[in-house]
Structures are given as structure tokens and as C-alpha cells.
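One-letter residues, chain by chain:
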Amino acid sequence: LLYTIKFELMEENGVQELSREENKCLTLLPLSRIKNIMKQCPDISAISQESLFIITRATELFIELMTREAYDVMDENYKECGGRMNEVSYKDLASVVDKYDCLMFLSDIVPQKITVREYYKILQEEEDGQSESAESAET
């Protein structure tokens, strides 16, 4: 809503470009932090204010999308249990990453949590599979 109001005011006043201070008012994330993160990439030599604003705004929209989807997952999970929670948990975020194919790039960063017992079971199955394939290769 804040963004819509700002852009409507810009159109009414005929403003084509925003100053650095006005750009800061349009974003919730600090532009300086986003710029520092962008500078970490060795392929980027210069960062224009326009690209910084667009990347910052895209990041905000991505965070908003993830949060809304995680909230929906949380809401579904706790309705089934008969309860109601107001906090999005790690489990909810991991469920969102698993739910959507377009978020699979985050599967290594936000994996589903498993117990130690489940992990050992997976390791045992992998070892059994490798030993069976080695035995069949020998014969």
C-alpha cells in the first residue's frame, strides 16, 4: 500500500525519477546492506541506484511470498490439529520449499528436518544399496 501511494503521488506530480533518499523510503530493507551483498559477487563492477532499488524490491517481494506461503502452510497444519499459532516456524518454510518446484534451489539451504534415527536409516539403506551393487558387479 505504501508503494502504491508513493507511485500515485509521483504520477500526479509528474516525477520521473526518485532521489536516493526517496528510494530509501520506498524499501523496507536497507539499501546499503543489499549493496554490500551485491558487491560480494566478483562479476559485478558497478551498481547503479536503479538496479540496487530493483534488486532490493525484488528481495522484499520474495521474502513476502515465502512468508505468506509459510503462513498458509502453518495455518493448514494447525487447523488439522485443532489449534492456532501466530508464528511461522522453520518447518513451515521447509514445507514451502518442498511444495513448489520453483523454490527447489533452496532445498539445500532450507531442508526438511529429520531425526538422527531417520538419518541413520537412510545411511544404512545407501550402504546396503552400494554393497548389493558391488556384489552384483563381481559376479
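Please read all numbers here as calculations on a predicted model, not as lab measurements. (Residues numbered from 1 in each chain as written. Predicted model: local features only at pLDDT ≥ 70, side-chain atom pairs only at ≥ 80, totals over all residues. Heavy atoms only, no water.)

A. Focus on the confidence of the model for the protein. Of all residues in the protein, 72% have pLDDT values of 70 or greater, and the mean over the chain is 78. Per-element mean pLDDT across the protein ranges from 50 in helix 1 (residues 2-13) up to 90 in helix 3 (residues 31-39). The low-confidence segment residues 1-5, where pLDDT is below 50, has six contacts with residues more than four positions distant or belonging to other chains. (pLDDT = per-residue confidence, 0-100. Helix = DSSP H or I, 4+ residues; strand = E, 2+ residues; numbered from the N terminus. Contact = heavy atoms within 4.5 Å.)

B. View of the packing of aromatic side chains. Following the criterion strictly, the structure yields two aromatic pairs and no others. Aromatic pair Phe 62 and Phe 105: ring centres 6.4 Å apart, planes at 35°, arrangement tilted. On the criterion of sequence distance, the pair formed by Phe 62 in helix 4 (residues 49-81) and Phe 105 in the loop between helix 5 (90-99) and helix 6 (116-138) is long-range, its members being 43 residues apart. Residue classification places Phe 62 among the partly exposed residues on the basis of a relative accessible area of 33%. With centroids separated by 6.1 Å and ring planes inclined at 55°, the aromatic side chains of Tyr 119 and Tyr 120 adopt a geometry described as tilted. Just above the ring of Tyr 90 sits the side chain of Lys 113; from NZ or CZ to the centre is 4.9 Å. (Phe/Tyr/Trp six-rings, centres within 6.5 Å; stacked < 30°, edge-to-face > 60°. Buried < 20%, exposed > 50% of the residue type's maximum accessible area, 1.4 Å probe, protein only. Lys NZ or Arg CZ within 6 Å of the ring centre and 35° of its normal.)

C. Main features of a negative patch on the surface. A cluster of acidic residues, Glu 125, Glu 126, Glu 127, Asp 128 and Glu 132, forms a negative patch on the protein surface. On the secondary structure map, Glu 127 appears in helix 6. A relative accessible area of 47% means that Glu 127 is categorised as partly exposed. (Patch = residues over 30% accessible without salt bridge, like charges linked within 9 Å, V, L, I, M, F, W, Y side chains within 5 Å. Areas by Shrake-Rupley, 256 points an atom, 1.4 Å probe, with all protein chains shown as cover. Salt bridge = Lys/Arg side-chain N within 4 Å of Asp/Glu carboxyl O. Lys, Arg positive; Asp, Glu negative; His and termini not counted. Charge placed at Lys NZ, Arg CZ, Asp CG, Glu CD.)

D. The arrangement of helix 3 in detail. Taken together, the buried positions of helix 3 are Leu 31, Ile 34 and Met 38. Across the axial projection of helix 3, the buried residues extend over an arc of 65°, all falling on one side. Facing away from the buried surface of helix 3 by more than 90 degrees, the exposed residues are Arg 33, Ile 37 and Lys 39. (Arc of directions from axis to C-beta.)

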